[in-house]
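Report on the structure
Read off the chains here:
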Amino acid sequence: MKVLLTGSYDPITNGHVSLIEKCAELFEEVHVIAFLNAQKINMFSAQERRAMLGLACAAYENVVTGSDDGYVVDYAAKHGISVLIRGVRNADDFIYEKQMADNNHALSPGITTLFIPADRGWEDISSHVVREKLTQGEDIASLVPPSVDSYIKKLAEQNGFIQGKDVR
């Protein structure tokens, strides 16, 4: 069975990787796709987010990474996927994700969403937290995969900033 994990992955965190690892063990093929939302201001470009997904998921042979700017249900239909996986960290996440699942199901009745709770220790980790720490100049090594931490540090060294955010 093929499944789809979506998010902005701005950037991918260890919590995301924990969920991806579970899915890689449970399912035949796992698509991890950064969906681009023009209404959302991201710290990292689509190309940078795709690169980070590739680095973070390199060890999983059955994981496909990429990005898309369309609708999740359209991507799923194009790739023969009928199951969306959503990680939930807390009750607020569940409420939001349930609304999204209902919307996706309304757009495409063949879509089923499975919710997987975050592992203990990752409930408070989000891409938002990582971005906040970056803009404050704090270390993020414990929040993101080592390859992603190195990538972000390389970006910061090359540019002195990431998408307008000074990280020096």
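Residues numbered from 1 in each chain as written. Predicted model: local features only at pLDDT ≥ 70, side-chain atom pairs only at ≥ 80, totals over all residues. Heavy atoms only, no water.

1. Points about the overall build of the protein
Per the secondary structure count, the protein includes six helices and seven strands. Its helices and strands taken in sequence order, the protein reads β-α-β-α-β-α-β-α-β-α-α-β-β from the N to the C terminus. A globule of 168 residues ought to have a C-alpha radius of gyration of about 15 Å, and the protein, at 16 Å, matches this closely. A total of 168 residues make up the protein; the buried ones form 44% of that total. Long-range contacts, defined as pairs at least 24 residues apart, comprise 76% of the intrachain contacts of the protein with a sequence gap of at least 6. For the protein, the exposed area adds up to about 9,200 Å²; of that, 50% sits on carbon and sulfur atoms. The average position of the 16 basic charges and that of the 23 acidic charges among the side chains of the protein differ by 3 Å. (Helix = DSSP H or I, 4+ residues; strand = E, 2+ residues; numbered from the N terminus. Rg over C-alpha atoms; globule rule 2.2 N^0.38 Å. Buried < 20%, exposed > 50% of the residue type's maximum accessible area, 1.4 Å probe, protein only. Contact = heavy atoms within 4.5 Å. Areas by Shrake-Rupley, 256 points an atom, 1.4 Å probe, with all protein chains shown as cover. Lys, Arg positive; Asp, Glu negative; His and termini not counted. Charge placed at Lys NZ, Arg CZ, Asp CG, Glu CD.)

2. Observations regarding the packing of helix α2 (residues 46–56) against helix α6 (residues 146–159)
For the pair α2 and α6, interaxial distance at closest approach is 8 Å and the crossing angle is 150°. Between α2 and α6, the angle is such that the two are roughly antiparallel. Handedness of the α2/α6 crossing: right-handed. From α2, Glu48, Ala51, Met52, Leu55 and Ala56 reach across to α6, where they touch Ser147, Val148, Tyr151, Ile152 and Leu155. Tallied by class, residues from the contact of α2 with α6 come to eight nonpolar, one polar and one charged. (Axes fitted to C-alpha atoms, helices over the stretch in contact; angles between N-to-C directions. Parallel < 35°, antiparallel > 145°, perpendicular 65-115°, else oblique. Left-handed = near helix turned anticlockwise from the far one by under 90°. Nonpolar A, V, L, I, M, F, W, Y, C, P; charged D, E, K, R; others polar.)

3. Some remarks on the side chain of Glu97
On the secondary structure map, Glu97 appears in helix α4 (residues 91–107). On the accessibility criterion, Glu97 (7% relative accessible area) is buried. Look past the residues within four positions of Glu97 in its chain and what remains in contact with it is Arg86, Gly87, Val88 and Phe115.

4. Points about the nonpolar core
Leu5, Ile12 and Ile85 are the most contacted members of the largest nonpolar core, which totals 34 residues. Looking at this core, the elements that each hand over two or more residues are β1 (2–7), α1 (14–26), β2 (29–35), α2, β4 (83–88), α5 (127–135) and α6. Considering each element in turn, this core owes the most residues, five residues, to α1. Each residue touching Ile85, except ones within four places of it in the same chain, is listed here: Val3, Leu4, Leu5, Thr6, Leu19, Cys23, Phe27, Leu114 and Ile116. With ten residues, the next largest nonpolar core counts Phe35, Val72, Ala76 and Ile81 among its residues. (Core = buried A, V, L, I, M, F, W, Y, C linked by side-chain atoms within 4.5 Å.)

5. Some points on the pattern of salt bridges
Inspection of the entire model under this criterion finds eight salt bridges. Glu138 is the partner of Lys133 in a salt bridge, and the nearest nitrogen-oxygen pair spans 3.1 Å. Residue classification places Glu138 among the partly exposed positions, given a relative accessible area of 39%. A salt bridge links Lys153 to Asp139, with the shortest nitrogen-to-oxygen separation between them at 4.0 Å. Here Lys153 is found in helix α6, whereas its partner Asp139 is found in the loop between α5 and α6, with 14 residues between them in sequence. Each of the salt bridges in this network shares a partner with another, and the network as a whole consists of Asp139, Asp149 and Lys153. (Salt bridge = Lys/Arg side-chain N within 4 Å of Asp/Glu carboxyl O.)

6. Comments concerning the sheet that holds strand β3 (residues 63–68)
What holds strands together in a sheet is hydrogen bonding between their backbones, with the strands either parallel or antiparallel. Spatially, the five strands line up as an open sheet ordered β3-β2-β1-β4-β5, and their pairing is parallel. On the outer flanks of this sheet lie β3 and β5 (112–117), each paired with one strand and no other. Going across the sheet, the axis of each strand differs from the next one's by a mean of 30°, ignoring polarity. Relative to β2, β1 is paired through six bridges, and the arrangement is parallel. (Pairing = 2+ DSSP bridges.)

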